[in-house]
Amino acid sequence: MKFPDGFVWGAATAAFQIEGASDVDGRGRSIWDELCDQPGAILDASDGSVACDHYNRWPEDLDIVADLGLGAYRFSIAWPRIVPLGDGVIEQRGLDFYSRLVDGMLERGITPYATLYHWDLPQALQDSGGWTSRDTARRFADYASVVHQHLSDRVTYWSTLNEPWCSAFLGYASGEHAPGRTEPAEAISAVHHLMLAHGLGIQAMRANSTDSQLGIVVNMYDVQPASESPADLDAARRLDGQQNRWYLDAIFRGTYPQDIVEDYRTFTDFDFVVDGDAECIAEPIDFLGINYYSSFMTRGLDAPKSPLSGERPTPWVGCDDVEFVDRGLAKTHMGWDVIPDGLTATLERVARDYPVPSIYVMENGAAYPDEVTDGRVHDVDRTNYIEAHLKACSLAVSAGVPLDGYFVWSLLDNFEWAWGYERRFGVVRVDYETQERLVKDSALAYSAIVRANRWSPDESSA
Ligand code: IFM
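Residues numbered from 1 in each chain as written. Predicted model: local features only at pLDDT ≥ 70, side-chain atom pairs only at ≥ 80, totals over all residues. Heavy atoms only, no water.

### Points about the packing of helix α3 (residues 54-67) against helix α5 (residues 92-107)
Here's step 1: Closest axis-to-axis distance for the α3/α5 pair is 10 Å, and the angle between their directions is 10°. With respect to each other, α3 and α5 are oriented roughly parallel. Of the residues in α5, those in contact with His54, Tyr55, Trp58 and Leu62 of α3 are Arg93, Phe97, Arg100, Leu101, Gly104 and Met105.
Here's step 2: Here the contact of α3 with α5 is composed, by residue class, of 6 nonpolar, 2 polar and 2 charged. (Axes fitted to C-alpha atoms, helices over the stretch in contact; angles between N-to-C directions. Helix = DSSP H or I, 4+ residues; strand = E, 2+ residues; numbered from the N terminus. Parallel < 35°, antiparallel > 145°, perpendicular 65-115°, else oblique. Contact = heavy atoms within 4.5 Å. Nonpolar A, V, L, I, M, F, W, Y, C, P; charged D, E, K, R; others polar.)

Right, dumping it as structure tokens:
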């Protein structure tokens, strides 16, 4: 199971989840600062004000990346550090921070992979409509252009958005994520403006320079029907359409999938879509980032389920009659099924159905309730998870998928959004009291695979 020469091995993080220093150097407030202040929004009532203190401890964190032998580090840039009020007034100290971070990577031989939007919208833009406003997409392109102008002499790889599905549907339909809205029509408008922001961002960066490699990161799932019954097939069609095809069709075919557009008409007349938007969203990209954690099996019910008391509305708009089948598989601490085969299927499907020049797995990993024993974290479950998914990647590569790299999620334990610090995804443990970092066994196992550039069943604990 050898990976191709030049295969990129990395670890990923996101600004809000690790940086802390939330009121330092002119940073503005983001929608996540705001949500964290809402009682009950975050499981442990925590926030991102300190997180992993990466804003101050980044040299130590980059040393760990280098020591593990990883050639790449995926990080995100906090929009509110660069444009604190979202209005075009630039905060130089924010740019300087990312400039130092990038220089730190290059000094250690680590290739930076930058993401421009990993969910931390300036609150000031939310106050004027957030992603339901077309203006937010234009503001994103302006922000992307500024950051790109400052860093593209040293950063080649740029992703516009991370997981626009989450921003739109967890943010505006189920309300689990910031800005905590529960309006399906707003979610559909938000997802369109996010995709428009992506297209405008690509155009703006291309106008700055043609040397960059530009892409977007989407979260994908392999969706299987529970049976061949019309109801089950239709449930799988809708889930797959909303979760996967919506993004890939728009980017690579220049159109949203018509079946999902028709489904969404129950909620919106799409009056926010303007001539030319589809072409903008389909602006050619150099790579597609795929985040993969799990997959779904769906069943169509005869009637919509009534939400249990206290249960959030579904983020899958109009899918109250879809049930997720428990296949009795092993689950992570998030309750997500462990299905490595779904990653191979997803990669092969993307390569088969869309003209994708290059793919990266930009996130893959698992939360487990770790324990420290004699100064070590023997996280066997996480090690097995990563190894099984690397095997899934190697099978896809053997099948001809243009997979060019893999980034484990995450380098560090961090702020897991609505779960606060109660879920640990890191291959490096963070003690939130002392901010001490502890390299877990999974990091060492990953490092061994990276250094060998091969996954070997003999050496594997999977
Ligand atoms: O922590 C998140 C990350 O921010 C986006 N992708 C999924 C991860 C695990 O939930």
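Picking up where we left off.
### Some remarks on the pairing of strand β7 (residues 287-291)
Two faces make up the sheet, and in a regular strand the side chains alternate between them.
Here's step 1: In terms of burial, β7 is largely enclosed, as 5 of its 5 residues are buried.
Here's step 2: Burial of β7 is two-sided: the residues Phe287, Gly289 and Asn291 facing one way and the residues Leu288 and Ile290 facing the other way are all buried.
Here's step 3: Direction of pairing for strand β5 (residues 213-219) relative to β7: parallel, over a ladder of 5 bridges. Bridging across to β7, Asn219 finds its partner in Asn291.
Here's step 4: Looking at chain direction, β7 and strand β10 (residues 359-363) are connected through 4 bridges and run parallel. Each residue of the ladder has a partner; that of Asn291, found in β10, is Glu363. (Buried < 20%, exposed > 50% of the residue type's maximum accessible area, 1.4 Å probe, protein only. Pairing = 2+ DSSP bridges.)

### Let's talk about the sheet that holds strand β11 (residues 403-409)
Here's step 1: Taken in spatial order, the 8 strands close into a barrel running β1-β2-β3-β4-β5-β7-β10-β11, and their pairing is parallel. Strand-to-strand twist in this sheet, taken as the mean axis angle between neighbours without regard to direction, amounts to 25°.
Here's step 2: Across 4 bridges, strand β3 (residues 111-117) lies against strand β4 (residues 157-162) in parallel orientation. Paired with Thr115 across the strands is Ser159, a residue of β4.
Here's step 3: Helix α14 (residues 380-398) contacts β1 (8-12), β10 and β11 of the sheet and is inclined by roughly 170° relative to β11.

### A word on the packing of aromatic side chains
Between two aromatic rings, the relevant description is the distance of the centres plus the angle of the planes.
Here's step 1: Within this structure, the stated rule accounts for 45 aromatic pairs.
Here's step 2: Ring plane angle 85° and centroid distance 5.7 Å describe the contact between Phe296 and Trp316, whose orientation is recorded as edge-to-face. Residue Phe296 is found in strand β8 (residues 296-300), and its partner Trp316 is found in the loop between β8 and β9 (322-324); the two are separated by 20 residues along the sequence. The pair formed by Phe296 and Trp316 is uniform in burial state, with each residue classed as buried. (Phe/Tyr/Trp six-rings, centres within 6.5 Å; stacked < 30°, edge-to-face > 60°.)

### Some details on the pairing of β5
Here's step 1: The buried fraction of β5 amounts to 6 of the 7 residues, a majority that puts the element mostly inside the structure.
Here's step 2: As paired strands, β4 and β5 are joined by 4 bridges and run parallel to one another. Residue pairing in the sheet places Tyr157 in a bridge with Gln213 of β5.

None of the figures reported here should be taken as evidence of function without further support.
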